[in-house]
Amino acid sequence: MQFIPVFVLMVLFFVMMFGIGFILNMLMKTTWFPSYLFVVVILPVVVYSLWDRGEVSFLDHLGSFRVVDYLTGLAGLAGAVISGWAIQKLRKSGFKMF
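Every chain's residues receive numbers from 1 upward, in the order its sequence appears when written. Local features in this predicted model are restricted to residues of pLDDT 70 or higher, and side-chain atom pairs are both shown and tallied only at a pLDDT of 80 or more, whereas totals for entire chains, interfaces and linings draw on every residue. Based on all heavy atoms of the structure, the side-chain values leave hydrogens and waters out of the count.

> Could you clarify how one ought to interpret the overall build of the protein chain in this entry?
A run of H or I in DSSP counts as a helix once it spans at least four residues, and a run of E counts as a strand once it spans at least two, with each numbered from the N terminus. For the protein chain, the helix and strand inventory stands at four helices and zero strands. Seen through its principal axes, the protein chain has C-alpha atoms that stretch 55 × 30 × 15 Å. Between buried and exposed lies partly exposed: a residue is buried under 20% and exposed over 50% of the maximum accessible area for its type, with that area taken using a 1.4 Å probe on protein chains only. Across the 98 residues that make up the protein chain, the buried fraction comes to 23%. Residues are treated as being in contact if the distance between any of their heavy atoms lies within 4.5 Å. Long-range contacts, defined as pairs at least 24 residues apart, comprise 72% of the intrachain contacts of the protein chain with a sequence gap of at least 6. Shrake-Rupley sampling with a 1.4 Å probe provides the accessible areas, and residues are treated as covered by the protein chains on show and by no other component. About 6,800 Å² of surface is accessible on the protein chain, with carbon and sulfur atoms providing 75% of the total.

Okay, here's the thing in structure tokens:
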């Protein structure tokens, strides 16, 4: 596992989920919706779509993921959570988004 490509991938997923989460928070006027969306919808859809149902069981499929996959998922989740935290702090400071 090379460090630089993994780091770039983590930063890209963090920034992407932060940006999408920030925009969703502004438009929907919710704070933690992007975090829930990431955990409840996006991660299961990705895991299920990559699963070759005829070949291996679901637990074996989860075991086939590498550290890079988990680090990327955690970076995306961190971006979604921090976007909710940032919107919450901005609203408490008096900023009104939309």
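> Looking at this structure, I do not really get the layout of surface pockets. What am I missing?
Using a probe with the size of a water molecule, rolled over the atoms, empty space left in the structure can be pinpointed. Considered as a void within the structure, the largest pocket measures approximately 490 Å³ in volume. With a 1 Å grid spanning the protein atoms alone, the term cavity applies to any set of points in which a 1.4 Å probe fits but cannot get out, the term pocket to an open set with protein on both sides within 12 Å along at least five of seven lines, and the term lining residue to any residue with an atom within 4 Å of a point. Around the largest pocket, the lining comprises 18 residues; the ones closest to its centre are Leu43, Val46, Val47, Asp69 and Gly73. Broken down by secondary-structure element, the contributors of at least two residues to the lining of the largest pocket are helix 1 (3-28), helix 2 (33-50) and helix 4 (67-92). Looking at side-chain class alone, the lining of the largest pocket contains 15 nonpolar, two polar and one charged residues. Grid points are joined across faces, edges and corners, and a volume is the space filled by probe spheres set on the points. In this classification, the charged set is Asp, Glu, Lys and Arg, the nonpolar set is Ala, Val, Leu, Ile, Met, Phe, Trp, Tyr, Cys and Pro, and all remaining amino acids, among them Gly, are polar.

> So what exactly am I meant to see when it comes to the side chain of Thr72 here?
Mapping Thr72 onto the fold places it in helix 4. By relative accessible area, Thr72 is classed as buried at 8%. If near-sequence neighbours (up to four positions away) are discounted, Thr72 is found in contact with Leu9, Met10 and Phe13.

> Any chance you could explain helix 2 here in plain terms?
Since one α-helical turn is 3.6 residues long, residues separated by three or four positions face the same way. Given a helix with a known number of residues, its expected span is that number minus one, times 1.5 Å. End to end, helix 2 covers 25 Å across 18 residues, agreeing with the expected 26 Å (1.5 Å per residue, within 8%). Val39 marks the point of greatest bend in helix 2, at about 30 degrees. Taken together, the buried positions of helix 2 are occupied by Pro34, Ser35, Phe38 and Val47. Tucked into the core, helix 2 has its buried residues touching helix 1, helix 3 (58-63) and helix 4. At every residue, the bend is computed as the angle between two fitted axes, covering the seven residues ending there and the seven beginning there respectively.

> Explain the packing of aromatic side chains to me, please; I cannot follow it from the model alone.
Think of a pair of aromatic rings as described by two things: how far the centres are apart, and how the planes are tilted against each other in angle. Two aromatic rings, drawn from Phe, Tyr or Trp (for Trp, its six-membered ring), form a pair once their centres lie within 6.5 Å of each other, and the interplanar angle then sorts them: stacked below 30 degrees, edge-to-face above 60, tilted otherwise. Scanning all chains against the criterion turns up six aromatic pairs. Ring centres of Phe3 and Phe7 lie 5.9 Å apart, and the angle between their planes is 20 degrees; this geometry places the pair in the stacked category. Taken as a pair, Phe3 and Phe7 lie in helix 1 at a separation of four residues, close to a single helical turn. A relative accessible area of 65% places Phe3 in the exposed class. The class for Phe7 is partly exposed, based on a relative accessible area of 46%. Measuring from ring centre to ring centre gives 5.3 Å for Trp51 and Phe58, while their planes differ by 70 degrees; the resulting arrangement is edge-to-face. Trp51 gets classed as buried once you look at its relative accessible area, which sits at 18%. On the accessibility criterion, Phe58 (36% relative accessible area) is partly exposed.

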